[in-house]
Amino acid sequence: MIVITTPTGQIGRQVLDHILDSEQPIRVIARDPSRLAPRVRERVEVVPGSHHDLDVLTEAFAGADCVFWVVPPDPGATSVEGHFLSFTRPACEAIVDRRVQRVVGVSTLGRGAAKNAGQISAALAMDELIEQTGVSYRPLEMPGFMENLLWQIEPIKSQGAFFLPISGDRKLPGCATRDIAAVAAGLLLDDSWSGQDGVPVLGPEDLSADDMAQIMSEVLERPVRFQQVPGEAYKATQMRYGMSEAWAQGLIDMHAEVDRGIYTTQPGTPRSATPTSFRQWCEEVFKPAFSRSL
């Protein structure tokens, strides 16, 4: 039995797409089962509720061989680490109680390098709690998602620019969520692994924000530039759109550590073979989304 959390989320729904045609029994935890596609509802067992709830997790993890674990973001949270651990603590209790064998988790790069890194530090604290249960665990160690740039469509339309509190020339890895989902699905369907070991999921190239602006300009056939913004200005903008001070500060701390190089200094991190380049993602995902917004 494979259990999927966040089955309608950005990554979870793509993981489901990969495993639906397998012969494995599948169970999902869904806060709103009506959001599941008809094909999914016909194929899987649905446990309604939140995977923040111990009773829901205990029911869902019964007989589970492997769990796909994601802590969903909450921009209104009053504590970044508190948010991550409030999901993870009951999950760990259910993992032990139901004797789950393997867990695949959405985590981050930065282990051994991140210090006061906001959401990155919180994800690493999540990993530590899960590992303490003794379950076989594969945290997927990712940099920033290419899909995060979808939030920048409006400023690109109105100002011809996207904005982040990082240096324009800092080359960083990235990854597409479809590649994350493919790696996760492969691990979920493979019952041969055990132990605890991170799985880096890195795209085929490191690019700076200036590099990405150039590629977007070519794909969109309109000028796009990158502009670095001071951390406090970025934080104020996020809060103006309803983000909590704690979550916004976490993003500032995270970007500061990323700009310091924690994605590129993790010891022993191999280059992943995930296939989607930034240009390909722009052509197949960003450009259609941008065109729909016009």
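Placed above this text is the structure.
Below is a summary of the structure that appears in this document.

Thresholds applied
Residues numbered from 1 in each chain as written. Predicted model: local features only at pLDDT ≥ 70, side-chain atom pairs only at ≥ 80, totals over all residues. Heavy atoms only, no water. Helix = DSSP H or I, 4+ residues; strand = E, 2+ residues; numbered from the N terminus. Buried < 20%, exposed > 50% of the residue type's maximum accessible area, 1.4 Å probe, protein only. Contact = heavy atoms within 4.5 Å. Areas by Shrake-Rupley, 256 points an atom, 1.4 Å probe, with all protein chains shown as cover. Pairing = 2+ DSSP bridges. Right-handed = clockwise from strand over helix to strand, strands pointing away. Axes fitted to C-alpha atoms, helices over the stretch in contact; angles between N-to-C directions. Parallel < 35°, antiparallel > 145°, perpendicular 65-115°, else oblique. Left-handed = near helix turned anticlockwise from the far one by under 90°. Expected span 1.5 Å × (residues − 1). Polar contact = N/O pair within 3.5 Å; in protein donor to acceptor, adjacent residues only side chain to side chain. Core = buried A, V, L, I, M, F, W, Y, C linked by side-chain atoms within 4.5 Å. Phe/Tyr/Trp six-rings, centres within 6.5 Å; stacked < 30°, edge-to-face > 60°. Lys NZ or Arg CZ within 6 Å of the ring centre and 35° of its normal.

### Considering the overall build of the protein
Of regular secondary structure, the protein possesses 11 helices and 11 strands. Its C-alpha atoms give the protein principal-axis dimensions of about 55 × 40 × 40 Å. Residues counted as buried form 54% of the 294 residues belonging to the protein. A sequence separation of at least 24 residues applies to 76% of the contacts in the protein between residues at least 6 apart. Only carbon and sulfur atoms are counted for the fraction: they give 49% of the accessible area of the protein, which is about 13300 Å².

### A short note on the pairing of strand 6 (residues 136-141)
Most of strand 6 is tucked away: six of the six residues are buried. Along strand 6, one buried face is formed by Ser136, Arg138 and Leu140 and the opposite face, lined by Tyr137, Pro139 and Glu141, is buried too. In this sheet, strand 6 lies alongside strand 5 (residues 102-106) in parallel orientation, the contact comprising five bridges. Within strand 6, the position partnered with valine 103 by the bridge is tyrosine 137. Between strand 5 and its parallel partner strand 6, the chain crosses via helix 5 (residues 119-132), and the hand of that crossover is right-handed. As defined by bridge partners, strand 6 adjoins strand 9 (residues 199-200) across two bridges and the pair is classed as parallel. Of the residues in strand 9, the one forming a bridge with leucine 140 is valine 199.

### Topic: the packing of helix 8 (residues 209-220) against helix 11 (residues 278-293)
Where helix 8 meets helix 11, the axes come as close as 10 Å, and the angle between the chain directions of the two elements is 55 degrees. The angle between helix 8 and helix 11 places the two elements in the oblique class. Relative to helix 11, the crossing made by helix 8 is right-handed. Contact with helix 8, carried on its side by Met212, Ile215, Met216, Glu218, Val219 and Leu220, involves Phe278, Arg279, Cys282, Glu283, Phe286, Lys287 and Phe290 of helix 11 and no other residues of that element.

### Points about the sheet that holds strand 4 (residues 66-69)
Two modes of strand pairing occur in sheets, parallel and antiparallel, and in both the strands are linked by backbone hydrogen bonds. The sheet built from seven strands is open, its strands ordered 3-2-1-4-5-6-9 with parallel pairing. Pairing within the sheet leaves two strands with one partner each, and these edge strands are strand 3 (45-48) and strand 9. In this structure, strand 1 (residues 2-4) lies alongside strand 4, joined through three bridges in parallel fashion. Across the sheet, the residue bridging to isoleucine 4 is phenylalanine 68, located in strand 4. Where helix 1 (residues 12-19) meets the sheet, it contacts strand 1, strand 2 (26-30) and strand 4, and its direction lies at approximately 150 degrees from that of strand 1.

### A closer look at helix 1
Those residues of helix 1 that sit buried are Gly12, Gln14, Val15, Leu16 and Ile19. For helix 1, the secondary structure elements touched by its buried residues are strand 1, strand 2, helix 2 (38-43), strand 4 and helix 7 (177-188).

### Quick notes on helix 4 (residues 80-97)
For helix 4, built from 18 residues, the straight-helix expectation of 26 Å at 1.5 Å per residue is met to within 8% by its first-to-last C-alpha distance of 27 Å. Listed in full, the buried residues belonging to helix 4 are Val80, His83, Phe84, Leu85, Phe87, Thr88, Pro90, Ala91, Cys92, Ala94 and Ile95. Those residues of helix 4 that are buried are in contact with helix 3 (54-60), strand 4, strand 5, helix 5 and helix 10 (245-260). For helix 4, the N-terminal cap is serine 79; the gap from its side-chain oxygen to the backbone nitrogen of glycine 82 is 2.9 Å. Directly beyond the C-terminal end of helix 4, a positive phi value near 55 degrees is found at arginine 99.

### Focus on the nonpolar core
In terms of nonpolar packing, the biggest core is built from 72 residues, with Phe61, Trp69, Phe162, Met216, Phe278 and Phe286 touching the most fellow members. Val28, Val104, Ala184 and Trp193 belong to the second-largest nonpolar core, a separate cluster that totals 30 residues.

### Comments concerning the pairing of strand 5
Put simply, side chains in a regular strand alternate between the two faces of the sheet. When you tally the buried positions in strand 5, you get five out of five residues, the bulk of the element. Burial along strand 5 is two-sided: Arg102, Val104 and Val106 facing one way and Val103 and Gly105 facing the other are all buried. One ladder, built from four bridges, connects strand 4 with strand 5; its direction is parallel. The residue bridging tryptophan 69 from the neighbouring strand is glycine 105, located in strand 5. This β-α-β element, strand 4 to helix 4 to strand 5, shows right-handed connectivity.

### Some words on the packing of aromatic side chains
Per the counting criterion, the structure on display carries four aromatic pairs. Taking 5.2 Å as the distance between ring centres and 50 degrees as the angle between the ring planes, the aromatic pair formed by phenylalanine 162 and phenylalanine 226 counts as tilted. Here phenylalanine 162, found in strand 7 (residues 161-164), pairs with phenylalanine 226, found in strand 11 (residues 225-228); they are 64 residues apart in sequence, far enough to count as distant. Note on accessibility: phenylalanine 162 and phenylalanine 226 belong to one class, buried. Members of the aromatic cluster, connected to one another through ring pairs, are Phe278, Trp281, Phe286 and Phe290. A cation over an aromatic ring shows up here: arginine 102 above the ring of tryptophan 193, its NZ or CZ 5.8 Å from the ring centre.

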